[in-house]
Amino acid sequence: MTSPDGVILLIEDNLDDEKLTLRALKKNRISNAVVVARDGQEALDWLFATGVYEGRAGGLPQIVLLDLQLPKISGLDVLRRIRADATTRLLPVVILTSSREDGDRLQGYSLGTNSYVRKPVDFVEFVEAVRQLGLYWLVLNEPPPTRG
Amino acid sequence: MRIFETSALVIALGILSIVAVIDARTTDALVVTLRWVEHTHRVIEVIEDVGTSMGAARRARRAFLVTGDVETLTEYATAIAATDARLDEVRDLVRDRAPETERAGHLGVAVAARIALMDADIAARKSGLSLLTDPAAMQRSSDAAARVDSIVGAMLHDERQLLRERESASEGRVAATRNLLTVGAALGFAILIGAFLGLRHENARRRASEAELGERREALRQANAFLDSVIENLPTMLFIKEASELRFTRVNRAAERLLGVAREDLLGKNDFDLFPTEQAEFFQAKDRSALDGHAVVDVPEEPIETKDGRRWLHTMKVPIPGDGGAPGFLLGISEDITERKRAATELRRAKEAAEAASRELESFSYSVAHDLRAPLRGIDGFSLALLEDYQDQLDAEGVDYLHRVRSAAKRMAELIDDLLALSRVTRGNFARERVDVGAVARTVADQLRSADPDRDVALVIPDGLLTSADPRLVRVALENLIGNAWKFSAKKPSTLIELGAHDDAFYVRDHGAGFDMTYASKLFGVFQRLHAVSEFDGTGIGLATVQRIVHRHGGRIWAESKVGEGATFFFTLNEMESKA
């Protein structure tokens, strides 16, 4: 269940959640590289190689795990920017959040998220969710063709 | 009436005039007749005088013949002269009547003959002859005298005859005249009495009609006073302007009060005398619009400067027809809506505040959902990490504590989820549409069955349970009710859950644990539980949520149960429930 070349971009401001997510990935033996961005701006900078990530090499991640409530630029705005830019337009994005609000779900799908997963409080369920996400997005799912 | 009176007067005057004319003519005729009677009397008198004076002449002649006294001759001459005078008079009187004139001629001849004889006698006496002794002469004298007497007698007879006729005729005329005068007087009386009666009747009628007029005036006065009182006591401002210059001709007390101006200072003035130019122009434009359009103009809101500051009015302007149909006046009725407007403003502010509070609550709910769950995940996740990675360093009690930490975190997550569901029930949109309650129930039951496939639960859900309700809320309600039924009958190896309709209520019936009806009133309160969590899990929010859903539909919810025999929850979704 590894995909060494596929990078996971985890956009998460909560350090506990970051740690739990990484633990869940580890428990599921998902060994892909994980890049953590702790706010929306940092995530966009990393994706578009701007700001602190100016000149970064290495292309796009295989999957983006996006929290909604983020400092500076909100998760939904990050998604909007990802879908607005031609290079990231087809990038698989999974919203991974505590919210189950109708409004968030509606907006998330309207803006073109590929999945919407609510983080369970029960860590066992969380690990299972991460396992399924990893299996699906990193193994089963064929990513869109990379542009020249 | 006037024509009748005039005709009566003309007729009365005519009758009286005719009577007067007839009377005058009759009287004239009577006068003529009486004159003729008198004339005849005179004729008789004069003829008799002729006889008398002839007698006197004869006696004087005889005296002279006997005595020769010269003085007697003087008497004789006087008598002869009188006779001649009388004869002339007779001739004059009867000149108009031929036979009498002729006869008077004969009398004159006879008298002349007689006188001639007497003169001869006298002459003879003077010459000394006495004729008294001459029988022939005496016979001649006697014949002449007889002849005179005969003619006089004949004339007198005729005249007396004439007199009688004339007197008789005059008596007839007098009687006729008297009758006529009587009739005339009677007619005069009759007309006078008629006029008197007519006048008296007319007077009585006039007095009666004056009394009636007085009553009518009084009634009119009272009606006017009543209308005045109505207008004066109207709690809304009322004013009337004349149509040409739009000056106030009438205002009521409410108008004085509202404007803070006494009516003496309002009447005769126009809007420009009383209000700022801009307002006056507005008022008059609306006035003209009502008057020109012959229609009521509704001004829902207009500001007006009063002595006590600006007020807001809702005014209706009504054209009032004058003489000849064109509007003569403008009636205005103004309601002071200042307070209502203030209240509306306050209401709007309150609504805005409530909406702000609602938005705040929404963002609070969002925080609850998002921010409160995140730490719980940490608590659970790291507790599990401890259990997994450091179990060998913990004793049994430590492991138990960590398990308790985890279940407490899980329970708190459920509470948060249920509270959010409860708040969503109240916050969310509400739209009724046709809902098949049975179909929703089947979906819910399928979910329960797939989550708990080992349970042996028979579900009885009839077809055709249709209603008008918000489908999302019906789903939440049935999730809770059927979920409860599922949960509280879990200790039975096999059980039955029924959905149905009774009267206008739906019900969900289970044959599970049931509850003590003593605590039925607590069923629907938030966090109210009738069973220990260890016995049946749950947050105590589900039924509170169902009750809110039912109330949002205007319905009601109640339950019947017996411990150990199951429970039935009834609910309506509409005051006028319709189940097709």
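Conventions adopted
- Residues numbered from 1 in each chain as written.
- Chains lettered and ligands numbered in written order.
- Predicted model: local features only at pLDDT ≥ 70, side-chain atom pairs only at ≥ 80, totals over all residues.
- Heavy atoms only, no water.
- Salt bridge = Lys/Arg side-chain N within 4 Å of Asp/Glu carboxyl O.
- Helix = DSSP H or I, 4+ residues; strand = E, 2+ residues; numbered from the N terminus.
- Buried < 20%, exposed > 50% of the residue type's maximum accessible area, 1.4 Å probe, protein only.
- Pairing = 2+ DSSP bridges.
- Right-handed = clockwise from strand over helix to strand, strands pointing away.
- Expected span 1.5 Å × (residues − 1).
- Polar contact = N/O pair within 3.5 Å; in protein donor to acceptor, adjacent residues only side chain to side chain.
- Phe/Tyr/Trp six-rings, centres within 6.5 Å; stacked < 30°, edge-to-face > 60°.
- Contact = heavy atoms within 4.5 Å.
- Buried area = accessible area lost by both parts, 1.4 Å probe.
- Nonpolar A, V, L, I, M, F, W, Y, C, P; charged D, E, K, R; others polar.
- Axes fitted to C-alpha atoms, helices over the stretch in contact; angles between N-to-C directions.

## Details of the pattern of salt bridges
Consideration 1: A full pass over the atoms with the stated rule returns 44 salt bridges over all chains.
Consideration 2: Where Asp17(A) meets Arg377(B), a salt bridge forms, and the shortest distance between an N and an O atom there is 2.6 Å. Remark: Arg377(B) occurs in helix 8 (residues 338-389) and Asp17(A) occurs in helix 1 (residues 15-27); the pair is interchain, linking two chains. There is no split in this pair, since Asp17(A) and Arg377(B) are both buried.
Consideration 3: Between Glu212(B) and Arg216(B) there is a salt bridge, with its nearest N and O atoms 2.8 Å apart. Residue Glu212(B) and its partner Arg216(B) are both found in helix 4 (residues 135-233); the two are separated by four residues, about one turn of the helix.
Consideration 4: According to the relative accessible area criterion, Glu212(B) is partly exposed, its value standing at 40%.
Consideration 5: The network of salt bridges with common partners includes Arg42(B), Glu45(B), Asp49(B), Arg86(B) and Glu89(B).

## A closer look at unusual backbone geometry
All names here are of chain A.
Consideration 1: Of note in the backbone geometry, Ala49 takes a positive phi value of approximately 55° without being a glycine.
Consideration 2: Looking at where Ala49 falls in the secondary structure, it is placed in the loop between helix 2 (40-48) and strand 3 (63-66).
Consideration 3: At Lys72, a position not held by glycine, the phi torsion is positive, near 65°.
Consideration 4: Inspection of the secondary structure assignment puts Lys72 in the loop between strand 3 and helix 3 (75-84).
Consideration 5: Take Lys72: its relative accessible area is 71%, and that puts it in the exposed class.

## Concerning the pairing of strand 5 (residues 115-118) of chain A
Residues and elements named next belong to chain A.
Consideration 1: Every second residue of strand 5 is oriented toward a common face, with Ser115 and Val117 on one face and Tyr116 and Arg118 on the other, all of them buried.
Consideration 2: Judged from the four bridges that link them, strand 4 (residues 93-97) and strand 5 form a sheet pairing that is parallel. Bridge assignment links Leu96 to a residue of strand 5, and that residue is Val117.
Consideration 3: Crossover connection from strand 4 via helix 4 (residues 102-110) to parallel strand 5: handedness right-handed.

## Structural notes on the pairing of strand 2 (residues 248-251) of chain B
Residue and element names in this part refer to chain B.
Consideration 1: Across three bridges, strand 1 (residues 237-242) lies against strand 2 in antiparallel orientation. In the sheet register, Phe239 faces strand 2, and the bridge partner there is Val251.
Consideration 2: Two successive antiparallel strands, strand 1 and strand 2, enclose a turn made up of five residues, where Leu246 displays a positive phi of approximately 60°.

## So, helix 11 (residues 471-488) of chain B
All names here are of chain B.
Consideration 1: Here helix 11 is 18 residues long and its end C-alpha atoms lie 25 Å apart, about the 26 Å a rise of 1.5 Å per residue gives.
Consideration 2: Here helix 11 lies mainly inside the structure; 13 of its 18 residues are buried.
Consideration 3: The backbone nitrogen of Arg472 has a side-chain oxygen 3.0 Å away, supplied by the residue at the start of helix 11, namely Asp470.

## Considering the packing of aromatic side chains
Residue and element names in this part refer to chain B.
Consideration 1: Taken as a whole and judged by the stated rule, the model has 11 aromatic pairs over all chains.
Consideration 2: Arranged with centres 5.5 Å apart and planes meeting at 85°, the rings of Phe275 and Phe283 form a pair that is edge-to-face. Across the pair, exposure class does not vary: Phe275 and Phe283 are buried alike.
Consideration 3: A ring pair is formed by Phe506 and Phe571, whose centres lie 5.8 Å apart and whose planes are at 35°; its orientation type is tilted. With Phe506 in strand 10 (residues 505-509) and Phe571 in strand 12 (residues 566-571), this pair connects stretches of sequence that are 65 residues apart. Each member of the pair, Phe506 as well as Phe571, is classed as buried.
Consideration 4: Aromatic ring contacts, followed pair by pair, group Phe275, Phe282 and Phe283 into a single cluster.

## Topic: the interface of chain B and chain A
Consideration 1: With 23 residues of chain B at the interface, the matching set in chain A holds 23 residues.
Consideration 2: The contact between chain B and chain A buries some 2200 Å² in all, and 50% of this surface belongs to carbon and sulfur atoms.
Consideration 3: It is Tyr366(B), His370(B) and Arg377(B) in chain B that bury the most area against chain A; as a group they hold 34% of the surface buried on that side.
Consideration 4: There are six salt bridges connecting chain B and chain A.
Consideration 5: A salt bridge links Arg406(B) to Asp122(A), with the nearest nitrogen and oxygen atoms 2.9 Å apart.
Consideration 6: Secondary-structure elements contributing two or more residues to the side of chain B that touches chain A are helix 8 and helix 9 (396-427) of chain B.
Consideration 7: Partitioning the side of chain B that touches chain A into residue classes produces nine nonpolar, three polar and 11 charged.

## Thoughts on the sheet that holds strand 12 of chain B
Residue and element names in this part refer to chain B.
Consideration 1: Taken together, the five strands give an open sheet; going across it, the order is 7-9-10-12-11, and neighbouring strands pair in mixed fashion. The strands lining the two open edges of the sheet, one partner per strand, are strand 7 (456-460) and strand 11 (557-562). Pairwise comparison of adjacent strand axes, ignoring direction, gives a mean angle of 15° for this sheet.
Consideration 2: Where strand 10 lies against strand 12, four bridges are found, and the strand directions are antiparallel. Each residue of the ladder has a partner; that of Val508, found in strand 12, is Phe569.

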